[in-house]
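Structural overview
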Amino acid sequence: MPNLPHDDPPRSPSPDAAARDDTAQDRAGGPTRRQFMLGSVAGGIGGFAASLLAQESALAQRVPEPAEGAPAAVLNPVEVTLEINGTPRVLSLDSRTVLLDALREHLALTGSKKGCDQGQCGACTVLVDGRRVLSCLTLTASVQGRKVTTVEGLGSEERLHPIQSAFIANDAFQCGYCTPGQLCSAVGMLAEVRNGDVSHVTADVRAGAPALTDQEIRERMSGNLCRCGAYPGIVAAVHEVHSGRQAQQAWAYATPIQIAQARSADGDANETV
């Protein structure tokens, strides 16, 4: 029988053959396959980058730059009506503004501190309808129509809140950065105890109002950190307010005679050295 022709499968050119073809095309003055591929890739990347730049330019034109000295435009504005320290307030702000920034940046109530800004340190604690919240994690829009109390609203210069007086008497603060949050948290925590709210360390959750032991206070105040380590004074201050028995002040200012004696003793010590 005669041999029938058959098609062989296509074979890819060897590297040497491809190199020879490139050399031949180069001699002929045309682009090689390698040059063509590199040019195509570079053109694609360039086109993609140009598209991104065009989109960014369009967005920039859509949001014009504010004039120098003019307030920045509010994005996604919402109007929030609330009561802060007994005073009705109406705020127009970005819907993403948290309560801490609204207090500090819009109302100049800087008592509430921004510590971690992640709800871990408690320095931003305020009271909303009497219950303690972390203002750095609370959207201002979520407290529409509610009552907010900050450290500025606990007492006045003429008449301190009992917890403020107890903090002073028991030396419950040092640098003072965490103190506004500690004070608001202590007020909210004492209200929780009066309402019969239990904690993780309450021995019997069915026994009604839990006894406010040192362990209970530490557990309930554990969300408020004090880098200075004034926890013993904080516990003593909460005990004082809860019991109603005023503790004897644990410290006193030095008198002029004591200051003079200390300076004299320090001078004698320097002469001895």
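Residue indices begin from 1 for each chain and proceed along its sequence in written order. This being a predicted model, a pLDDT of at least 70 is required before a residue's local features are given, and a value of 80 or more before pairs of side-chain atoms are given or counted; all residues contribute to the totals for chains, interfaces and linings. Calculation of side-chain values draws on the structure's entire complement of heavy atoms; hydrogens and water are dropped beforehand.

As annotated in an unreviewed UniProt entry, the protein carries the name Ferredoxin and is attributed to Bordetella genomosp. 1.

Another aspect to go through is the overall build of the protein. For the protein, the count of helices and strands is eight helices and five strands. Secondary structure elements are defined from DSSP: runs of H or I of at least 4 residues count as helices, runs of E of at least 2 residues count as strands, and each element is numbered from the N terminus. Listed by position from the N terminus, the elements making up the protein come as α-α-β-β-α-β-β-β-α-α-α-α-α. For each residue, the accessible area found with a 1.4 Å probe, counting protein chains only, is set against the maximum for its type, and the residue is called buried under 20%, exposed over 50%, and partly exposed in between. Here the protein holds 273 residues, and 28% of them are scored as buried. Sequence-distant contacts, at least 24 apart, represent 52% of the contacts inside the protein between residues at least 6 apart. In short, Shrake-Rupley with a 1.4 Å probe defines the accessible areas, and a residue's cover is counted only from the protein chains shown. Working note: accessible area of the protein is about 18,500 Å², and carbon and sulfur atoms make up 54% of it. Contacts between residues were defined by any pair of non-hydrogen atoms, one from each residue, lying within 4.5 Å.

What follows concerns the sheet that holds strand β5 (residues 147-149). Only strands joined by at least two bridges in the DSSP assignment are considered to pair. Across the sheet, five strands lie side by side as β2-β1-β5-β3-β4; this open sheet has mixed pairing. The strands lining the two open edges of the sheet, one partner per strand, are β2 (87-94) and β4 (131-134). Adjacent strand axes in the sheet meet at a mean angle of 40 degrees when their direction is disregarded. As paired elements, strand β1 (residues 77-84) and β5 share two bridges and run parallel to each other. Of the residues in β5, the one forming a bridge with Ile-84 is Val-148. The angle between two axes is taken between their N-to-C directions and runs from 0 to 180 degrees, where each axis is a line fitted to C-alpha atoms and a helix contributes only its stretch in contact.

Moving on to the side chain of Ser-185. Here Ser-185 lies in helix α5 (residues 179-194). Side chain to side chain, Ser-185 and Arg-132 meet in a polar contact 2.7 Å long. The contact partners of Ser-185, leaving out residues within four places of it in the chain, are Thr-125, Arg-132, Met-221 and Asn-224. Definition of a polar contact: a pair of N or O atoms within 3.5 Å, with one able to donate and the other able to accept a hydrogen when the atoms are protein atoms, and with sequence-neighbouring residues admitted only if both atoms are side-chain atoms.

Let's shift gears to the packing of α5 against helix α7 (residues 231-243). Interhelical geometry of α5 versus α7 gives an angle of 45 degrees and a closest axis separation of 11 Å. The orientation of α5 relative to α7 falls into the category oblique. Both α5 and α7 take part in a crossing whose hand is right-handed. In this structure, α5 contributes Gln-182, Ala-186, Met-189, Leu-190 and Val-193 to the contact, and α7 contributes Ile-234, Val-238, Val-241 and His-242. Tallied by class, the residues present in the contact of α5 with α7 amount to seven nonpolar, two polar and no charged. Small angles under 35 degrees read as roughly parallel and large ones over 145 as roughly antiparallel, with 65 to 115 read as roughly perpendicular and the rest as oblique. The hand of a helix crossing depends on one turn: near helix anticlockwise from the far one by less than a right angle means left-handed, and clockwise means right-handed. In this classification, Asp, Glu, Lys and Arg are treated as charged, Ala, Val, Leu, Ile, Met, Phe, Trp, Tyr, Cys and Pro as nonpolar, and every other residue, Gly included, as polar.

Leu-154, Ile-163, Phe-167, Met-189, Leu-212, Ile-217 and Val-238 are the most contacted members of the largest nonpolar core, which totals 21 residues. Taken together, the elements giving at least two residues each to this core come down to α4 (162-169), α5 and α7. No other element matches the seven residues that α5 contributes to this core. When residues no more than four places from it in sequence are discounted, the contact partners of Leu-154 are Leu-127, Thr-149, His-161, Gln-164, Leu-183, Cys-184 and Val-187. Grouped together as the second largest cluster of nonpolar side chains are 14 residues, Ile-84, Leu-103, Val-126 and Val-148 included. Think of a nonpolar core as a cluster: buried Ala, Val, Leu, Ile, Met, Phe, Trp, Tyr and Cys residues, connected wherever their side-chain atoms sit within 4.5 Å.

By definition, a disulfide links the sulfur atoms of two cysteine residues through a covalent bond. By definition, disulfides here are pairs of cysteine sulfur atoms that lie within 2.5 Å. Per the stated rule, a full pass over the model turns up zero disulfides. This cysteine, Cys-175, is not joined by any disulfide, and Cys-228 carries the nearest cysteine sulfur, 3.6 Å off. Among the residues examined, Cys-175 registers a relative accessible area of 58% and is labelled exposed.

The next subject is the packing of α4 against α7. Angle between the axes and distance between the axes are the two parameters that describe a pair of packed helices. Running from N to C, α4 and α7 point in directions that differ by 135 degrees, and their axes come no closer than 8 Å. One way to sum up the angle between α4 and α7 is to call them oblique. Helix-helix and strand crossings are classified by hand; for α4 and α7 the assignment is right-handed. Contacts between α4 and α7 involve Pro-162, Ile-163, Ala-166, Phe-167 and Ala-169 from the former and Ile-234, Ala-237, Val-238, Glu-240 and Val-241 from the latter. Tallied by class, the residues present in the contact of α4 with α7 amount to nine nonpolar, no polar and one charged.

If you trace the backbone, Lys-147 turns up in strand β5. For the pair Lys-147 and Gly-86, spaced 61 residues apart in sequence, the C-alpha separation works out to 7.5 Å. Those residues in contact with Lys-147, other than ones at most four positions away along the chain, are Glu-83, Leu-127, Val-128 and Asp-129.

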